Structure formats: structure tokens, C-alpha cells
Amino acid sequence: MPSPTLAELAKMFDHSLLQPVLTDADLDRGLAVAIEYNVASVCIKPYAVRRASKLLAGTTIAASTVIGFPHGGHLTRVKLYESEQALSDGATELDMVVNIGKVLSGEWNFVADDVRAVVEVAHRNGAKVKVIFENAYLKEEHKRELCRICGEVRADWVKTSTGYAESGATTEDLKLMRECSPSWVQVKAAGGVRTFERLLEVRAIGVSRVGATATKQILDDAKLKIGS
């Protein structure tokens, strides 16, 4: 794999602005960082999507938000309502959490229908979906079956975690998700990508997006090491 440019690395980032303590002023500062570094998207709290989409207008940065966050236990129709509202507010990428309890119960038809509902409403509106597994709670067979389902329903990404469980994007999980997902499904690493070196490691596995709060620090370090 050829060495990436700084611009290519920046377009791997979903700059995460989801921490519960973030104020509106914090969100605005986070949006400014995203614009300065020209990242792929800003993943922002649902109530702030409308403001984010206006501030990002005219850039190549997507406004993204979370659906069923952080535990995935919402009714499917509630996830659909969240999705429709986010799309109406200007979101073009949705990061949805699977129903973790249903995954652990092996109720795969329920899980597939839940994911499919969000994917279909997003795709009808020209948006994309990242499906969050929360791997810290799952066994390998759960992760494999989720990758299969996401391929079947044409999700755009499979994603390791919310960033709020006890572990996030492990090398083992990223390799498994890339191996088990069809070519049309990309892989997003969330939770634990905090350095330039780790960014390169996950990129080499086949990760195309990372969710990060340390975007500025990582890309500043990248600029020092590889230039502009």
C-alpha cells in the first residue's frame, strides 16, 4: 500500500462530538476543527445536526449523527423516526447501534429487520449507514453473523463500537470484520485510535474510517512526520 498523503488521512476521520458533557460552544469549536482539517465527517449529537449541516455547507465534510445510541435498545420505529429527523436536518451519514440484547439472544431476523429499516430509509434519501456492533459485548460468532447481515442489507460500513464500552477497535476485531464483510461494506474503527501510528496500523488492515476525538492531535503529528 503506498504511503498516504495528509489529505487522504484526514478523509479517514469522522470527528466525534458525542461526549455527554459537550456544550454548544464545544460543538462549534469541534466543527471548526473539522473544517480546518477537512475531515470526512463530523459525528455530532442529534439535536445539533441542523446547525452542523448549515456550518458545513459548501465543504466536502458530511454531517453525521447517531441512531439508537448508545445501546441500540430503541424500538425499530423509534430508530426510523430518529433517522428521518436526522436526514431532514441535513445528515448524510447515520451511525446506528444494533440491538445488542437481540444479537446476544441470537434473534437474527429481528436484528436484520432493524438494520435494514434504517439502511433503506437512508439510502432512499441519498445517505449512508454505519452499523455499530459494540464488539466488547460480543463473541466471534456474533460479529461474523452481523457482518453477513450488513452485507445482505447493503449497509455501507460495519463499525466496531460506540467508544463508550470497555474496549473499542482491536486489531483482532478489525481483521475479522474486514475478512467477513463483502467488498461493498467498508470498515470503521471507533474507540482507541489515538495516535498517528495506530491510524496507519488500522489503515493497513483495510479500515477506511475512524471515529476519533483526538483528530487534531493525530493529524498534527501526521503533518510533522509525513509533511503536507
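Everything discussed here concerns the structure shown above.
This text gives an overview of the structure that appears in the document. For clarity, every value in this text was computed on a predicted model and none was experimentally measured.

Details of the side chain of E134
Within the secondary structure layout, E134 lies in the loop between β5 (128-132) and α7 (140-152). At 8.9 Å, K159 is the nearest oppositely charged side chain to E134, a buried residue that forms no salt bridge. Looking at E134, its side chain comes within polar contact range of the side chain of T162, at 2.6 Å. Excluding its chain neighbours within four sequence positions, the residues that come into contact with E134 are P70, I100, T160, S161, T162, G163 and A165.

Quick notes on the pattern of salt bridges
Under the counting rule described, the total for this entry stands at 24 salt bridges. The residue R51 makes a salt bridge to D28 at a minimum N-O spacing of 2.9 Å. Pair noted here: R51 is in helix α3 (residues 49-56) and D28 is in helix α2 (residues 24-37), with a separation of 23 residues, a long-range link. Of the charged contacts, one joins E107 and K102 as a salt bridge, the two residues approaching to 2.8 Å between their closest N and O atoms. One salt-bridge network, in which partners are shared between bridges, spans D14, E93, D95, K130, K159, K188 and R209.

Brief notes about the packing of aromatic side chains
Throughout the structure, instances matching the rule amount to 1 aromatic pair. Between the aromatic rings of F69 and Y164, the centroid separation amounts to 5.9 Å while the plane-to-plane angle is 85 degrees, which identifies the pairing as edge-to-face. Taken as a pair, F69 in the loop between β3 (62-67) and α4 (76-89) and Y164 in the loop between β6 (157-159) and α8 (171-180) lie far apart in primary sequence, 95 residues in all. Positioned above the aromatic ring of F110 is the side chain of K102, whose terminal nitrogen or guanidinium carbon lies 4.7 Å from the ring centre. Positioned over the ring face of W184 is R154, at 4.1 Å from the centre of the ring.

Quick word on the pairing of strand β8 (residues 209-212)
Burial along β8 is two-sided: the residues R209 and G211 and V210 and A212 are all buried. Strand direction decides the pairing type here: strand β1 (residues 13-17) and β8, joined by 3 bridges, are parallel. Residue pairing in the sheet places H15 in a bridge with A212 of β8.

Things to note about the layout of surface pockets
By volume, the largest pocket amounts to about 360 Å³. Contributing to the lining of the largest pocket are 23 residues, with T162, G163, G191, G211 and T213 lying nearest its centre. Elements with a contribution of two residues or more to the lining of the largest pocket: β1, β7 (186-190) and β8. Within the lining of the largest pocket, the residues separate by chemical class into 8 nonpolar, 10 polar and 5 charged.

How each quantity is defined
Residues numbered from 1 in each chain as written. Predicted model: local features only at pLDDT ≥ 70, side-chain atom pairs only at ≥ 80, totals over all residues. Heavy atoms only, no water. Helix = DSSP H or I, 4+ residues; strand = E, 2+ residues; numbered from the N terminus. Buried < 20%, exposed > 50% of the residue type's maximum accessible area, 1.4 Å probe, protein only. Lys, Arg positive; Asp, Glu negative; His and termini not counted. Salt bridge = Lys/Arg side-chain N within 4 Å of Asp/Glu carboxyl O. Polar contact = N/O pair within 3.5 Å; in protein donor to acceptor, adjacent residues only side chain to side chain. Contact = heavy atoms within 4.5 Å. Phe/Tyr/Trp six-rings, centres within 6.5 Å; stacked < 30°, edge-to-face > 60°. Lys NZ or Arg CZ within 6 Å of the ring centre and 35° of its normal. Pairing = 2+ DSSP bridges. 1 Å grid on protein atoms, 1.4 Å probe; cavity = no way out; pocket = protein on both sides within 12 Å on 5 of 7 lines; lining within 4 Å. Points joined across faces, edges and corners; volume = space filled by probe spheres on them. Nonpolar A, V, L, I, M, F, W, Y, C, P; charged D, E, K, R; others polar.

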